[in-house]
Amino acid sequence: MPINRKITVGFNPGGKTYQFQENRSWIPAFGAGYTLGVDGIAVVLVILTAVLVPLLLVAGWNDASDADDPLRPAPPRWRSSGGDRNPRGVHAYVALTLAIESMVLISVIALDVLLFYVFFEAMLIPMYFLIGGFGQGPGRSRAAVKFLLYNLFGGLIMLAAVIGLYVVTSQHGPGTFDFQQVVAMLSKPDPSGRYGGVDPAVIKALFLGFMFAFAIKAPLWPFHRWLPDAAVEATPASAVLMMAIMDKVGTFGMLRYCLQLFPEASTYFRPMIVTLAIIGVIYGAIVAIGQTDIMRLIAYTSISHFGFIIAGIFVMTSQGQSGSTLYMLNHGLSTAAVFLIAGFLISRRGSRAIADYGGVQKVAPILAGTFMVSALATLSLPGLAPFISEFLVLLGTFNRYWLAAAFGVTALVLAAIYMLWLYQRVMTGPVAKGNEHIADLRPRELVVVAPLIALLLVLGVYPKPVLDVIDPAVKNTMTTIRQQDPAPKVPVGTGIPRTAEGPHQ
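Here's a quick rundown of the structure. Note that the coordinates shown come from a computational prediction; the quantities given were computed from them, not determined experimentally.

Our focus in this paragraph is helix α9 (residues 226-233). Counting buried residues along α9, eight of its eight residues qualify, which places the element largely inside the surrounding structure. Regarding α9, the residues found buried are W226, L227, P228, D229, A230, A231, V232 and E233. On its buried side, α9 packs onto α5 (124-134), α6 (140-170), α8 (200-217), α10 (236-246), α13 (294-314) and α14 (318-349).

Printed below as a string of structure tokens:
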């Protein structure tokens, strides 16, 4: 916590691009170092992680305990070979959660490619055990294996690209994994026009190796298939840890490593990636509308939101990238709020089926009210935090690809359908049978929900402090990848006839 506090409070947005740098020799034979540093983009993710993890530990208070709560069905437990019921360890649950937090934090502040890769992959192991060992669904083991196989396969492809990147750097002297040195090396064109003296086909192959792993982690359509199962079978707190925190390392990797290491390849593949992202935006929203499971519906909304984030990154405009970075923060807060509140509700009723609910606002008005606010944030209602980030992404996308932005806007209507319809079916109407004794939010649960709702409201009205931190880092990224915001295509002022004295009256 002292490190987080130093980074978040002491970071100077107008200072050097990478601050609080630390460099220690790690594996000298391979040019790998324990090299750390933060820019404005990393600071935002450090804040998100440091704020959410304590709240998730409080929210998952009973996820690893044997607390006898008559309003909460006993969660399933692993069975030993002899068939005895073994209680799941609270210590193990907390240790796994904190392990993921530490690995995410090191990943976003790492300035060494190999160091980043090690922790990018290592965080899969504790999450595998959180899903398979502490999950509440009958298919938790299958979902955990599916999660692990998908992400490990992407990681193996990325490992080949990391090794290839080292080989490329070794052509100019001792090989290195230092991120800043590699960026400087690959940004210098030789007399033939090749950057870093590397064949463009090799650069494109290395880019695809990194991008493939990040696309699975994020996830980008059509590499998303593991997410709904993992989110539904895990506990709500573990699902939020995965979707709101861990998966952001994928979009962060796109913004830092894919764009800055391989700017030409990123530009080459930009139309394809933006197209996949917009397909994901619409696909996630449409599939969410047809869900009958509350948690699966919310999981598909995240696929749609990740599509917005990825589109904003790859349109390569300052508005798009600032919006995407802010979206990472806002999506984490809104997803945490809506998923945890839904989890509190399901723990009382013992069912994820939407059809089993109705009239909850009459018996649990605070629960219903906070769910409404978080649902409205999820659909990016003006005045709540996700609105400004989604607006910036669409604005940046429109400046580069107006047709993609036009398709992306349709998701706003679809989001209103799936979230408001969910609220109507679950919270309004007569009290359904079995819902009469649903309790309202308890003090412990309010401790979790209140800060999230407050942040959604504050950042929805006044996002400037966060954007002031993000914008210089985005400007540096745009400079590194040699991109500029496209000029306006509509002439300004041509519709008003003017004379030498000014406009006609």
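Looking now at the packing of aromatic side chains. Under the counting rule described, the total for this entry stands at 23 aromatic pairs. Between F207 and F314, the aromatic rings sit 6.5 Å apart at their centres with planes inclined by 80 degrees, giving edge-to-face as the arrangement. One end of the pair, F207, is in helix α8; the other, F314, is in helix α13, and 107 residues separate them in sequence. F207 sits in the buried class, given a relative accessible area of 0%. With centroids separated by 6.4 Å and ring planes inclined at 55 degrees, the aromatic side chains of W221 and Y283 adopt a geometry described as tilted. With W221 in the loop between α8 and α9 and Y283 in helix α12 (residues 263-289), this pair connects stretches of sequence that are 62 residues apart. Every member of this aromatic cluster is reached through a ring pair, and the members are Y18, F116, F120, F179, F210, F214, Y257 and F262. Between R256 and the ring centre of F179, over which it is positioned, the NZ or CZ distance is 5.9 Å.

Turning to the side chain of S374, a few remarks are in order. Assignment of secondary structure puts S374 in helix α16 (residues 365-378). On the accessibility criterion, S374 (0% relative accessible area) is buried.

On to a nonpolar patch on the surface. On the surface, F398, W402, L403 and F407 cluster together to form a nonpolar patch covering roughly 460 Å² of accessible area. Ranked by residue count, the leading element in the nonpolar patch is helix α18 (residues 402-427), at three residues. Assignment of secondary structure puts W402 in helix α18.

Enumeration according to the criterion identifies nine salt bridges in this entry. We note a salt bridge from D229 to K146, for which the minimum N-O separation is 3.0 Å. Here K146 lies in helix α6 and D229 lies in helix α9, a separation of 83 residues in the sequence. By the burial criterion, D229 is buried, and K146 matches it.

Pairing between strand β1 (residues 19-27) and strand β2 (residues 32-38): six bridges, direction antiparallel. Bridge pairing in β2 places N23 opposite T35. Linking β1 to β2, which pair antiparallel, is a turn of four residues; within it G31 sits at a positive phi near 70 degrees.

The rules behind each value
- Residues numbered from 1 in each chain as written.
- Predicted model: local features only at pLDDT ≥ 70, side-chain atom pairs only at ≥ 80, totals over all residues.
- Heavy atoms only, no water.
- Buried < 20%, exposed > 50% of the residue type's maximum accessible area, 1.4 Å probe, protein only.
- Helix = DSSP H or I, 4+ residues; strand = E, 2+ residues; numbered from the N terminus.
- Contact = heavy atoms within 4.5 Å.
- Phe/Tyr/Trp six-rings, centres within 6.5 Å; stacked < 30°, edge-to-face > 60°.
- Lys NZ or Arg CZ within 6 Å of the ring centre and 35° of its normal.
- Patch = residues over 30% accessible without salt bridge, like charges linked within 9 Å, V, L, I, M, F, W, Y side chains within 5 Å.
- Areas by Shrake-Rupley, 256 points an atom, 1.4 Å probe, with all protein chains shown as cover.
- Salt bridge = Lys/Arg side-chain N within 4 Å of Asp/Glu carboxyl O.
- Pairing = 2+ DSSP bridges.

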